[in-house]
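# Topology and contacts: notes
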Amino acid sequence: MMQILQKSYNISENATSWVSAENLWILGRYMVHLPLEEIWKIHPNEMRLFISYDNATKQLDTVYDITPDLAQAFLERINASGFDMKNISTLYRLGLLVCFYNDLEQMDANVARVLLHQMIKCNHLRGSQADIQKLKSQLLDLALQNQTLNESLGSLSDAVVGLSTNQLDSLSPEAVHNAIQTLNQVSGWARSQIMILSRKYLMYEKILSLHNISQMGALVTGISTQSFHSMSPKELSQLIRGALAERASDLSPAQRQGILRKIIASTELSSVFADMQGPFFKELSLFDLWTGEGFNSSLVKERELRPSQALFLYELLSKKTPLSELLSIDQMVKGITCWQIDRMSPITFVNVFKYFEKNLHLLSPYQISCMAWKYWTISNISTPPYLLALLPPEYLEAITGSLCVPFITSLRKIELDRLVLNEQKKNAILQKVHNCLNGSIVDEYDLDLIGNLICHLSPALICVGSLETMATALQQFGQCQHLSHEQEMDIKRWIIDLYGSPRNWTTETTQDIGPFIALLTKTDLSILVEKFPGFISDIASKKSGPVPPSEELLLAYFEWVRNSSIPFSAPNGTFGCAEVAAPSSDEIMKLSEANKFWSDQELFCMDPGTFNKTVELLGSVGSLSASQLTVLKEKAKQVWGPLTSWQNYHIVSLGRIATTLNETEIGALNLSSIDTIAALSEQTEWNPSQTQSILHGFLEDSGQEMSTLKSFDLAGLGASLCALNSTEIAAINANEFSAVVARIGSLLCSSIVLESFKKKAESVFGIAATWDKSILQEIGTIAAGLNDTELKAVDKELMPYFHPRAIKCIPDEMFKELSPEQLASLGPTNAAMVTESQHRHLNELQLQSLQQALDGTRRSTNQSPFGESTIKPTYTSVLSGASFSCRLSLWVLAVFIWYPASIPTVTV
């Protein structure tokens, strides 16, 4: 576009560049690719003409990937063209350029508020969010000139998320009530901020009602569990259909339980099923479903189901619902068993297979393995190739020649890492792919052919060809969840060979390479962070992806932020802080995970205001050391005063910092709220004595005993329940336990605790000998509490329905008592969960059986096409290269049906 526009533009005497107003309009959002020097040369008259055009604002609203230096250049040219940059009408015309506004001198409060309102759209920008937050903070200070926070709250737009908890706590309930229409539309609130604002709003409203909750927007998640539970069932039923329908996933398990139990306790269960959307339906216990009546297929449409729910509902509804109708409900496929698949007639199975294929992402490896065997039994010559990959490795041997393309393209339908958990089997599949590709990936056609399989292949397979091919490969690797060290090293060599020194990289080059920048050396990263700080900031803040931020990248970014900031010494005379350049809130917000490089002393010398503003962010940094977290805990005590005076929002805002509280300190906190406990339970680094202190602190402060705990209390306590003894577990109310047994069954408690929970589960579901597949799924790790006699008595057909987490919780001495038949029936997922310690306790026959489960091998000869023979599966290949035999067999017809796009058109 630029080349054409340059050729067609005749530069006049007054013109300094081919970039005219008209050409800017033609370029549209692609103006972000203009070279910086061309922007500086734009004539003021052309820029004035461009900005005066009515559609200029719409165009500038689309430049979401503009870089800070380009944005500053455009702002400078607009200023030079005669526009008053502090004029409100000009600000309305700037689109996303307002996100880089830097002329704050002598700005009045009214203009600052207008700018803040315009900056809501800055959330659409790809990068520079830390700089935007800094600008919003500066504008916030200006907007508050000559007005109190209470007076200005409703006019501060989404900059209110930058207010500290101290500032929010100082607000009057009336101010929060008056500003609720602004506050309820803001996103990005921290949990502690939501707790404060919802409390203030409800202090003004006094009564929790359907109307005032509907006004709260995102702040609804700050309502306490007990407050929800105190509402009338009728209003709660209306709420989960209305104001809470889209917020349910943001509520804590305790809050959802509090709402659900109140509704169910006062209403006929069958009459409220229709209201149970999304997470609320998923929260229903198996025991709830047992006691429910009037179920039909329409009640479970568009509901997300847990496996235990799906297993129960499938069995229940299959007795009165046609199979095709039942399987047309996507989530219902989770509930089909191998036994049910085996019993289908060949015609029925082929007719309903489309429903399974549509929902492969919902099916377990065990279910798909069963389908593979079923298909093979019906007609091995037409078994979809990706299903062959889930049979034992020898079934791959027949895939050669013309079967390669259908095999590779069909493998893209499955998530290899999720469905093939045996490394040997996965390697056999990848070796077959490697052979089919003749050991190399030549061009973009091959790349398109393999799709997401690239995540499992060596980059060395890709023949270094055109820059376009390599850029396409990088893009595909960028979609992977994880890459091996070898893959990373190959990609690193590519980058250096193809793009040369980072000193010469353009913005586009940097964006093309994306997260793989993290593979570069510290020296190269230091160059890039100088050139493209905003882009490196985005990479540094990502916690997941094919290449997480490296130590070198985080350190390079930390040093750049530190060197480009104004030194800030602690003004409060803290001992030992006179010469320490303490971190500022701006630095902390920019650094994200790179905050790990602050020294203990620098964190200790932090200004109290900075600590208040950034504590929640620091508490979310996963790489802070124990000593850094301890320093931050001491800082909290220094800033907030004695632990006995801490509010709930203080405790919640600590995040990981809270895990350094000792037993005495935990005992000093006010832990009467289950919502505070639920927040603490999200942390995973507590030791047993800490969890015991949290549990007993809650019981003491709330004035409860184990026998009086409600289901929402149990849901909120989370991992603290692992600190219970057998007497305490026995005291739990069985009805309340039954409502949250699935959540308790997700905990990795000790075997002694799980044994006690197993006894409690028997009070709900009957003795362990009567448990079926849906119960085993529901109780999760609690099934690991079975004693050796009970474990040996489990029917082998039930073994795949143990929850995977339960398998690794079974003590070694118990696990070795499983029979070879039980081990062979575990299924691929459960077999993959067996620990090394459990492995060591098995004999040779048991190990062979376990390997069969991993491979997906069937033990009975009537199910396996091979039995115990050494015969290998074979296909009669009728296609060879480009030649085509005139023998058209049933097999050819089957391949045409499954993969018509993969086979060349042939004239016979």
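What you see is a predicted model, and the numbers here were worked out from it, not measured in a lab.

## Observations regarding the overall build of the protein chain
What the protein chain contains, in helices and strands, is 59 helices and 2 strands. Against the 2.2 N^0.38 benchmark of 29 Å for 908 residues, the protein chain shows a C-alpha radius of gyration of 32 Å, consistent with a compact globule. With respect to the three principal axes, the spread of C-alpha positions in the protein chain is 85 × 80 × 55 Å. When each of the 908 residues of the protein chain is scored for burial, the buried share is 53%.

## Points about the nonpolar core
If you look at the biggest cluster of nonpolar residues, it comprises 288 residues, and the most contacted ones within it are Phe356 and Phe757. Contact partners of Phe356, with chain neighbours within four places excluded, come to Leu327, Val333, Ile336, Met344, Phe349, Leu363 and Met371.

## Looking at helix 26 (residues 365–379)
Its 15 residues give helix 26 an end-to-end C-alpha distance of 21 Å, which sits within 8% of 21 Å, the value for a rise of 1.5 Å per residue. Burial runs high along helix 26: 12 of the 15 residues are buried. All of the buried residues in helix 26 are Pro365, Tyr366, Gln367, Ile368, Ser369, Cys370, Met371, Ala372, Trp373, Lys374, Tyr375 and Trp376.

## A short note on the state of the cysteines
All chains considered together, the criterion is met by 6 disulfides. A sulfur-sulfur distance of 2.0 Å marks the disulfide that ties Cys455 to Cys480. Here the S-S torsion is close to -90 degrees, and the disulfide linking Cys455 with Cys480 is therefore left-handed. Here Cys480 lies in the loop between helix 32 (467–477) and helix 33 (485–499) and Cys455 lies in the loop between helix 31 (444–450) and helix 32, a separation of 25 residues in the sequence. Assigned by exposure class, Cys455 and Cys480 land together as buried. Each sulfur of the disulfide joining Cys577 and Cys605 lies 2.0 Å from the other. Judged by the sign of its S-S torsion, about -85 degrees, the cystine formed by Cys577 and Cys605 is left-handed. Residue Cys577 is located in the loop between helix 37 (551–563) and helix 38 (585–591), and its partner Cys605 is located in the loop between helix 39 (600–604) and helix 40 (608–618); the two are separated by 28 residues in the primary sequence.

## Remarks on the pattern of salt bridges
In total, this model carries 35 salt bridges according to the counting rule given. Here Glu602 makes a salt bridge to Arg562, at a shortest N to O gap of 3.5 Å. Residue Glu602 is located in helix 39, and its partner Arg562 is located in helix 37; the two are separated by 40 residues in the primary sequence. The same class applies to Glu602 as to Arg562, namely buried. The partner of Lys633 in a salt bridge is Glu634, with the nearest N and O atoms 3.8 Å apart.

## Things to note about the packing of helix 17 (residues 233–241) against helix 18 (residues 253–266)
Direction vectors running N to C along helix 17 and helix 18 enclose 125 degrees, while the axes themselves pass 9 Å from each other. Comparing their axes, helix 18 and helix 17 come out oblique. You can see that helix 17 and helix 18 cross each other, and the crossing is left-handed. Mapping the contact onto sequence places Pro233, Leu236, Ser237 and Ile240 in helix 17 and Ile259, Lys262, Ile263 and Ser266 in helix 18.

## Quick look at the confidence of the model for the protein chain
On average, residues of the protein chain carry a pLDDT of 86, and 92% of them reach 70 or more. Here strand 1 (residues 879–880) stands out as the least confident element of the protein chain, with mean pLDDT 25; helix 51 (residues 773–779) is the most confident, with 97. For residues 860–908, every residue scores under 50 in pLDDT, and the model assigns this stretch 67 contacts once sequence neighbours within four places are set aside.

## Structural notes on the packing of aromatic side chains
For the structure on display, the rule yields 18 aromatic pairs. Arranged with centres 5.5 Å apart and planes meeting at 55 degrees, the rings of Phe611 and Trp640 form a pair that is tilted. Here the residue Phe611 occupies a position in helix 40, and Trp640 occupies one in helix 41 (residues 626–640), the gap between them amounting to 29 residues. We note that Phe611, like Trp640, is buried. Cluster of aromatic residues (ring-pair linked, three or more members): Phe349, Phe353, Phe356 and Tyr375. The residue whose ring lies beneath Arg29 is Tyr30, and the NZ or CZ to ring-centre distance is 5.7 Å.

## Re a nonpolar patch on the surface
Together, Met1, Ile26 and Tyr30 make up an exposed nonpolar region whose accessible area comes to about 320 Å². Relative to the elements of secondary structure, Met1 occurs in the segment before helix 1 (2–8).

## Details of the packing of helix 4 (residues 44–52) against helix 6 (residues 68–80)
Their axes nearest at 8 Å, the elements helix 4 and helix 6 cross at an angle of 100 degrees. Considered as vectors, helix 4 and helix 6 are oriented roughly perpendicular to each other. Contact with helix 4, carried on its side by Pro44, Met47 and Ile51, involves Phe74, Arg77, Ile78 and Ala80 of helix 6 and no other residues of that element. Of the residues in the contact of helix 4 with helix 6, the class split is 6 nonpolar, no polar and 1 charged.

## Side note on the environment of Asn843
Position of Asn843 relative to the elements: it lies in the loop between helix 57 (836–840) and helix 58 (844–855). Each C-alpha atom of the pair Asn843 and Asp446 lies 46 Å from the other, and the pair is 397 residues apart in sequence. Looking at Asn843, its side chain comes within polar contact range of the main-chain nitrogen of Leu845, at 3.1 Å.

## A short note on helix 32
Within helix 32, burial applies to Thr469, Met470, Ala473, Leu474, Gln476 and Phe477. Down the axis of helix 32, the smallest arc covering the buried residues is 160 degrees, so these residues share one side. Opposite the packed face of helix 32, turned more than 90 degrees from it, sit the exposed residues Glu468 and Gln475. At its buried positions, helix 32 is contacted by helix 31, helix 33 and helix 34 (507–513).

## A word on the environment of Leu49
Checked against the element boundaries, Leu49 lands in helix 4. By relative accessible area, Leu49 is classed as partly exposed at 47%. Residues in contact with Leu49, not counting those within four places in the same chain, are Ala21 and Trp25.

Calculation criteria
- Residues numbered from 1 in each chain as written.
- Predicted model: local features only at pLDDT ≥ 70, side-chain atom pairs only at ≥ 80, totals over all residues.
- Heavy atoms only, no water.
- Helix = DSSP H or I, 4+ residues; strand = E, 2+ residues; numbered from the N terminus.
- Rg over C-alpha atoms; globule rule 2.2 N^0.38 Å.
- Buried < 20%, exposed > 50% of the residue type's maximum accessible area, 1.4 Å probe, protein only.
- Core = buried A, V, L, I, M, F, W, Y, C linked by side-chain atoms within 4.5 Å.
- Contact = heavy atoms within 4.5 Å.
- Expected span 1.5 Å × (residues − 1).
- Disulfide = S-S within 2.5 Å.
- Salt bridge = Lys/Arg side-chain N within 4 Å of Asp/Glu carboxyl O.
- Axes fitted to C-alpha atoms, helices over the stretch in contact; angles between N-to-C directions.
- Parallel < 35°, antiparallel > 145°, perpendicular 65-115°, else oblique.
- Left-handed = near helix turned anticlockwise from the far one by under 90°.
- pLDDT = per-residue confidence, 0-100.
- Phe/Tyr/Trp six-rings, centres within 6.5 Å; stacked < 30°, edge-to-face > 60°.
- Lys NZ or Arg CZ within 6 Å of the ring centre and 35° of its normal.
- Patch = residues over 30% accessible without salt bridge, like charges linked within 9 Å, V, L, I, M, F, W, Y side chains within 5 Å.
- Areas by Shrake-Rupley, 256 points an atom, 1.4 Å probe, with all protein chains shown as cover.
- Nonpolar A, V, L, I, M, F, W, Y, C, P; charged D, E, K, R; others polar.
- Polar contact = N/O pair within 3.5 Å; in protein donor to acceptor, adjacent residues only side chain to side chain.
- Arc of directions from axis to C-beta.

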